[in-house]
Amino acid sequence: MFGLKRDRESVASLAALGKAQAMIEFAMDGTILTANPNFLKAVGYRLDEVTGRHHSMFVEPGYKDSADYRKFWDDLRRGEFQAAQFKRIGKGGKEVWIEASYNPVLGADGKPFKVLKCATDVTAQKMEYADLQGQINAIRKSQAVIEFTMDGTVLDANDNFLKALGYTLAEVKGKHHSQFVEPAYRDSADYRKFWDDLRRGEFQAAQFKRIGKGGKEVWIEASYNPILDLNGKPFKVVKYATDITRQIKVLDDLKVLIDDNFGEIDKAVEQSTRQSSDAAHAAGETSGAVQMMASSAEELAASIREISQSMSQSRMAADSAAELATKADAATQRLAEVATSMEGVVDVIRAIAGQINLLALNATIEAARAGDAGKGFAVVATEVKNLANQSANATQKISNEIEGMQAVSGDVVGALNAIRQSIGTVREYVTSTASAVEEQSAVTRDMSSNMQKMANSVESVTRSLGEISAANDQVGQAVASTKEAARVLAR
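For clarity, every value in this text was computed on a predicted model and none was experimentally measured.

Peer 1: Teacher, can you tell me more about the overall build of the protein chain here?
Peer 2: Of regular secondary structure, the protein chain possesses 12 helices and 10 strands. Residue burial in the protein chain is summarised as follows: out of 491 residues, 30% are buried. For the protein chain, contacts bridging at least 24 residues in sequence account for 53% of all contacts bridging at least 6. Approximately 29,800 Å² of the protein chain is accessible, and the part contributed by carbon and sulfur atoms is 57%.

Here it is as structure tokens:
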């Protein structure tokens, strides 16, 4: 009675266990007897697809034919249970991980007659663990890793850390973290606070200067990570680090190089600024001079315009004088012609006077012959002779005056010719001078325009120099900022 009750309780317990776990039963040769829904769901089969088949359907081919697999079942047949995490193959080749125990069930004679396997599907946990373990292994391969107790005692260190510091594991294990820091920092309040923060679960991450074997200076980029137990309390510290000693040395060298180069740049910028300032001052003076020259050029252009106008008027006056001289010459020529004509008239008068004298002589002769009867005629002849003499004298005077007038006309003609030639020469000079003045006026206008352009260019140069000076100031500020950045990088 008591045994029956206990059997019923065992069956009930087994049923309760079957609700939570995957269960399958095997004969002692590994043949599947039955399986509950949890197991069938885990491997993806139906019950009729597994009943009567061998357990080896759930293992990889390589393992099925191994000595380890044969020993596995030999141990079970001897009544030895097996418990572990097992990799099994489900339907369609699906990979399944189980946390299982294979339990030989003993008969009344104390010998095993079947095997009951109780399992939990841990595939998700196994994959998560594998992922985490893979990440940790990857970190340990690429980084220096060391573990400490919460008081700073070294528990373990990987090869990367030992190589960076130059120690063997035996030389650091069980020693305190303080062996890796400088004596002055070891005894400081900052170092005590560093470990106090870690014990409170606060991680620390920065670039740290550490001391390796033989006093070797090592720089690391590291994080100190408190690891929490199942109750959420820190129980150890794991440090992940990268050796950046070479980078720090490069940065130190870079800082020195930057300081040297930027020192030269500072000098160059200062010199450039000074030269720009001097150039700007000179440009300012040049601009003033150019403005004055431009103003003078404008005045010169105005004066040349006035001269050009005067020369134009002079050329017009010379042209008028030449025209008047030509007219006077023509009038003088006509006067000479009239004087010449008058000489003919004088010759006629002179001839008539001669005939009158001859007539008077004949009359005198005839009067003498006539005696007293010819006295009156002689008187008339005498008067006629006197008149002829007076006519001759007057004619001589007229001839003399005409000769004098002809001489004067010749002088006038000669003078007028000389005046006309002089006026022609003056006109040529005035014309050539006017042309030169016109050309000079055009050149002066161009010069004035160019002066204005030059003045604008000089003003532009002055503005540009001001901008260069401002740019030099910005370069100086940028150099200062870069030097500060270099100092920060080199820390």
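Peer 1: Looking at this structure, how should I read the packing of aromatic side chains?
Peer 2: If you walk through the whole model with that rule in mind, you get 20 aromatic pairs. Over the ring of W97 we find K126; its NZ or CZ atom is 4.5 Å from the centre of that ring.

Peer 1: For this particular structure, what's the right way to read the sheet that holds strand β8 (residues 204-211)?
Peer 2: Hydrogen bonds between backbone groups are what pair the strands of a sheet, and the pairing can be parallel or antiparallel. Here 5 strands make up an open sheet; going across it, the order is β7-β6-β10-β9-β8 and the pairing antiparallel. In the strand order of this sheet, the two ends are held by β7 (154-157) and β8, each with one partner. Neighbour to neighbour, the strand axes of the sheet diverge by 30° on average, direction disregarded. The sheet contact formed by strand β6 (residues 144-148) and strand β10 (residues 234-243) spans 5 bridges and is antiparallel. From the neighbouring strand, F148 faces β10, where its bridge partner is V237.

Peer 1: Would you mind showing me how to read the sheet that holds strand β3 (residues 82-89) here?
Peer 2: Here we have 5 strands laid out as an open sheet, ordered β2-β1-β5-β4-β3, and antiparallel in their pairing. Where the open sheet ends on each side, the last strands, each with one partner, are β2 (32-35) and β3. Sheet twist, expressed as the average angle between the axes of neighbouring strands with direction ignored, equals 30°. Of the pairings in the sheet, the one linking strand β1 (residues 22-27) to strand β5 (residues 112-121) comprises 6 bridges and is antiparallel in character. Counterpart to I24 in the pairing with β5 is K117. In the packing of helix α6 (residues 123-142) onto the sheet, the strands contacted are β3, β4 (95-106) and β5, and the crossing angle to β4 comes to about 125°.

Reading the values: rules and limits
Residues numbered from 1 in each chain as written. Predicted model: local features only at pLDDT ≥ 70, side-chain atom pairs only at ≥ 80, totals over all residues. Heavy atoms only, no water. Helix = DSSP H or I, 4+ residues; strand = E, 2+ residues; numbered from the N terminus. Buried < 20%, exposed > 50% of the residue type's maximum accessible area, 1.4 Å probe, protein only. Contact = heavy atoms within 4.5 Å. Areas by Shrake-Rupley, 256 points an atom, 1.4 Å probe, with all protein chains shown as cover. Phe/Tyr/Trp six-rings, centres within 6.5 Å; stacked < 30°, edge-to-face > 60°. Lys NZ or Arg CZ within 6 Å of the ring centre and 35° of its normal. Pairing = 2+ DSSP bridges. Axes fitted to C-alpha atoms, helices over the stretch in contact; angles between N-to-C directions.

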